[in-house]
Amino acid sequence: MRQLLSKDVASGLMFTAVGALGLILMMGVDFGTTARPGPGFFPVVLSALLALIGVVQTALGLIQNREAIPPMALRPLVLIICSVCVFAFCVGRFGLVPSIFVATMIATYAQPDYGMRPRVILAAALSIFCSLLFVYALNLPIALWTF
Amino acid sequence: MDLINNLGLGFATVLTPENLMFSFFGVLLGTLIGVLPGLGPLVAIAVLLPFTFGLDPVSSMIMLAGIFYGAQYGGSTTAILINLPGEASSIVTTLDGHQMAKRGMAGKALATAAIGSFFAGCVATILIGVFAPPLAALAFRFGPAEYFSLMVCGLVVSVALSNGSVLKAVGMMVLGLILGLVGTDVQYGVHRFTFGVSELSDGMSVAAMAMGIFGLGEIIRNLENTGERRFSVSKITSLMPTREDMKQIFAPMVRGTFLGSFLGVLPGGGALLASFSAYALEKKIARNPEEFGAGAIQGVAAPEAANNAGAQTSFIPMLTLGIPSNPVMALMISALIIQGIEPGPAVINDHPELFWGIIASMWIGNLMLLVLNLPLVGLWVKLVSIPYKVLFPIVIVFACIGVFSINNTPFAIFTMAGFGVFGYVLRKLECEPAPMILGFILGPMMEGHMQRALLISRGDVSVFVREPISATLLVVAAVTLLITILPTVRKTREVALVDDE
């Protein structure tokens, strides 16, 4: 089957998009001259280069390699990222212990056939262990809980 | 006899009970991390950075360095005994090491790996001691134009040494350079690419980026295959190699050490490439190439020596030029900056105890590893039986806490999450992340040097080719790039750099 959005085409489009975005964002920024390069000089040169590379890569991808992008494993992707974001959201608001507990619970769902018991045990053990290690032993300035 | 005096200073620094303890702690942790698959030295160092905040610079660097080369040792143990490389650089060791174990020579394979690593560690320590000072002295004569060209050269070499498509690698490198510019421009105070987000005005954190791409990205990929890992542990027999074996492994060990030392200095090289190349070289020149893959002892000695040598010599550009040759070194640079030391040619004169202390600690650390590793093999093997489903949540939590405490803002954790997704997508698109990370670190430095060079030359762009050192570096870069895209070399490069994943 002819695969239009192959690995190579997708990476080419990604480069082109970032390069174009860079050029757009740098439009109002002073480019300067070669004698006195402004803050926009280096980013504009790089963005243009990246966009150019992207176009060539896309073209090459369309001509030669049509290897399809392998499917994404959505379950681990979503759950792991979710777990990390929940940690980031909670750590300042509720403290370290609840953040670790919830983040671990969410992360374990990334692996199917995880029982509820081992999940809770791991989350509790990690919360205790990290509190002891990072807060008591290493004196990192993180609140254990804020309620 | 400066070298001896300097090494004397180094040993005097290391041989305090406190520093010996940190070195021991580092190599022990490193071995542990090397043994556990999915936990690389990069992740470990990022997680352990907060541990070093309270230490003095020498102790913290000794410990972090120990983790790095200790991981090379640990990775080979599991590679030999259970055919599971704990570390990317020990993938080749599984080829012959595990075959030897299957034929009842596990002990001999382990001893060969340990002796090879120790030998390489000793030689690499001396090489660093001999070559680093003149390099630092040379670097003192570098002006902005030379630094700019050196970085161009470094980036091109890292592209040449990466897997897969050259164009994609160049794209990733430029992408990294752009990402490195996110934040406030040093010269003019203009916010660039910050999208109005105030947390981005200081730029993105290297640790968050590296942890997202390598740490989280790797975890997500590992979780794709949900099948349980199963392995049989080979029995360990007599450890001591015979005199005959020693004779057989000596030459490969020497070749591996020198090849590894050379490749370790190159940007993007380091331990992984070193072990692959050393294996390829041995196979090519061996009288019994058919034995490779079936338990050839040279196929264990050479790559193990090479990866250890490469791990150690990759400190040279970091310590003398302030330029990291791989992502691990980039984190080491952040560790030094946190300690208030600006890495660069001045380190060797301003902080001789730090510079020579690190070098001496490598030798001591290698000796500890040799003594530590063989008797503790049983313990390491037990550790591998920790199931991945217990391991990965621990890594995630440690990564979050590590990134949070390095940067002191939850925003860094969100950055890490973002790069986790990006890292996973990059794997799917077969885009190599290593040149991007190097570009990210070098981006702001390159811009600064370029601006200064152009300012001095009053806008004359030819300054980069008029200065002899700068011109030479650019020629090297151009030739490297040309050679890389030549069709014949491309083919051999594909063969030499194939990842067996």
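Residues numbered from 1 in each chain as written. Chains lettered and ligands numbered in written order. Predicted model: local features only at pLDDT ≥ 70, side-chain atom pairs only at ≥ 80, totals over all residues. Heavy atoms only, no water.

Regarding the overall build of chain B
When helices and strands are counted, chain B shows 22 helices and 2 strands. Whereas a compact globule of 501 residues would reach a radius of gyration of roughly 23 Å, chain B reaches 22 Å, a difference of no more than 12%. For chain B, buried positions account for 61% of its 501 residues. Within chain B, contacts between residues separated by at least 24 positions form 79% of all contacts whose residues are at least 6 apart in sequence. Put simply, chain B shows about 18,400 Å² of open surface, and 67% of that area lies on carbon and sulfur atoms. (Helix = DSSP H or I, 4+ residues; strand = E, 2+ residues; numbered from the N terminus. Rg over C-alpha atoms; globule rule 2.2 N^0.38 Å. Buried < 20%, exposed > 50% of the residue type's maximum accessible area, 1.4 Å probe, protein only. Contact = heavy atoms within 4.5 Å. Areas by Shrake-Rupley, 256 points an atom, 1.4 Å probe, with all protein chains shown as cover.)

Here's the deal with the domain arrangement of chain A
What the domain assignment lists for chain A is domain 1 (7-63) and domain 2 (74-137). Taken over C-alpha atoms, the centre of domain 1 of chain A sits 39 Å from the centre of domain 2 of chain A. (Domains from an automatic or database assignment.)

Structural notes on the packing of helix 3 (residues 74-94) of chain A against helix 17 (residues 388-407) of chain B
Two numbers describe how helix 3 of chain A lies on helix 17 of chain B: the axes approach to 11 Å, and their chain directions differ by 40°. The angle between the axes of helix 3 of chain A and helix 17 of chain B places the two elements in the oblique class. For helix 3 of chain A against helix 17 of chain B, the interelement crossing comes out right-handed. Contacts between helix 3 of chain A and helix 17 of chain B involve Ile80, Ser83, Val84, Phe87 and Val91 of chain A from the former and Phe392, Ile396, Cys400, Ile401 and Phe404 of chain B from the latter. (Axes fitted to C-alpha atoms, helices over the stretch in contact; angles between N-to-C directions. Parallel < 35°, antiparallel > 145°, perpendicular 65-115°, else oblique. Left-handed = near helix turned anticlockwise from the far one by under 90°.)

Digging into the environment of methionine 362 of chain B
All names here are of chain B. For methionine 362, the position within the fold is in helix 15 (residues 352-373). Along the backbone, methionine 362 and glycine 70 are 292 residues apart, and their C-alpha atoms lie at a distance of 9.9 Å. Those residues in contact with methionine 362 that sit more than four places away from it in its chain are Tyr69, Thr125, Ile128, Gln312 and Phe315.

Considerations on the pattern of salt bridges
Within the structure shown, the criterion is met by 11 salt bridges over all chains. A salt bridge links aspartate 8 of chain A to lysine 168 of chain B, with the shortest nitrogen-to-oxygen separation between them at 2.8 Å. Here aspartate 8 of chain A is found in helix 1 (residues 7-25), whereas its partner lysine 168 of chain B is found in helix 7 (residues 166-180) on a different chain. Classification of aspartate 8 of chain A by relative accessible area gives buried; the value is 12%. Here arginine 255 of chain B ties to glutamate 282 of chain B by a salt bridge, and the two come within 2.8 Å at their closest N and O atoms. On the criterion of sequence distance, the pair formed by arginine 255 of chain B in helix 9 (residues 243-265) and glutamate 282 of chain B in helix 10 (residues 270-285) is long-range, its members being 27 residues apart. When salt bridges that share partners are traced, they join Lys7 and Glu67 of chain A together with Glu430 of chain B into one network. (Salt bridge = Lys/Arg side-chain N within 4 Å of Asp/Glu carboxyl O.)

Quick notes on the nonpolar core
All names here are of chain B. Core analysis: the biggest nonpolar cluster contains 190 residues, and Met332 and Met416 have the highest contact counts within it. Ranked by residue count, the leading element in this core is helix 5 (residues 91-140), at 14 residues. Residues contacting methionine 332, with those up to four places away along its chain left out, are Ile45, Met61, Leu64, Ala65, Phe68, Phe315 and Met318. Ile91, Val92, Ala286 and Ala296 belong to the second largest nonpolar core, which has 7 residues in total. (Core = buried A, V, L, I, M, F, W, Y, C linked by side-chain atoms within 4.5 Å.)

Focus on a nonpolar patch on the surface
Side chains of Phe89, Phe94, Trp145 and Phe147 of chain A together with Phe414 of chain B sit close together on the surface and give an oily, nonpolar patch of about 570 Å² of accessible area. Turning to its location among the elements, phenylalanine 94 of chain A is positioned in helix 3. (Patch = residues over 30% accessible without salt bridge, like charges linked within 9 Å, V, L, I, M, F, W, Y side chains within 5 Å.)

As for the interface of chain A and chain B
Opposite the 65 residues of chain A that make contact, chain B presents 63 residues. Between chain A and chain B, roughly 5,500 Å² of surface is buried when both sides are summed, and carbon and sulfur atoms account for 83% of that area. Ranking the residues of chain A by area buried against chain B places Pro39, Phe42 and Gln111 of chain A at the top, with a combined share of 11%. In this structure, the connection of chain A to chain B is made through 2 salt bridges. The residue glutamate 430 of chain B makes a salt bridge to lysine 7 of chain A at a minimum N-O spacing of 2.5 Å. At the boundary of chain A with chain B, the tally comes to 8 residue pairs in polar contact (both at pLDDT 80 or more). Of all the secondary structure elements, the ones that give two or more residues to the side of chain A that touches chain B are helix 1, helix 2 (41-63), helix 3, helix 4 (96-108) and helix 5 (116-137) of chain A. (Buried area = accessible area lost by both parts, 1.4 Å probe. Polar contact = N/O pair within 3.5 Å; in protein donor to acceptor, adjacent residues only side chain to side chain.)

Considering the packing of aromatic side chains
Summed over the entire model, instances satisfying the criterion amount to 12 aromatic pairs over all chains. Through pairs of rings, three or more aromatic residues link up here, namely Phe129 and Phe134 of chain A together with Phe398 of chain B. Sitting above the plane of the phenylalanine 89 of chain A ring, arginine 93 of chain A keeps its charged end 4.0 Å from the centroid. We note lysine 389 of chain B situated over the ring of tyrosine 114 of chain A; from NZ or CZ to the ring centre the distance is 5.1 Å. (Phe/Tyr/Trp six-rings, centres within 6.5 Å; stacked < 30°, edge-to-face > 60°. Lys NZ or Arg CZ within 6 Å of the ring centre and 35° of its normal.)

Some points on helix 13 (residues 327-338) of chain B
All names here are of chain B. Between the first and last C-alpha of helix 13 there are 17 Å, a value that for 12 residues agrees with the 16 Å anticipated at 1.5 Å per step. Counting buried positions along helix 13 yields 9 of 12 residues, so the element is predominantly enclosed. Those residues of helix 13 that sit buried are Pro327, Val328, Met329, Ala330, Leu331, Met332, Ile333, Ala335 and Leu336. In this structure, the buried residues of helix 13 make contact with helix 3 (41-52), helix 4 (57-82), helix 8 (206-224), helix 12 (315-321), helix 15 and helix 19 (434-456). (Expected span 1.5 Å × (residues − 1).)

A closer look at the side chain of glutamine 57 of chain A
Turning to its location among the elements, glutamine 57 of chain A is positioned in helix 2. Setting aside chain neighbours within four positions, we find glutamine 57 of chain A in contact with Asp8, Ser11 and Gly12 of chain A together with Ser165, Leu167 and Lys168 of chain B.

Thoughts on unusual backbone geometry
Residue and element names in this part refer to chain B. Of note, phenylalanine 195 is a non-glycine position whose phi angle comes to about 55°, a positive value. Judged by relative accessible area, phenylalanine 195 falls into the exposed class, the value being 56%. For asparagine 408, which is not glycine, the phi dihedral falls at a positive 60°. In this fold, asparagine 408 is placed in the loop between helix 17 and helix 18 (410-428).

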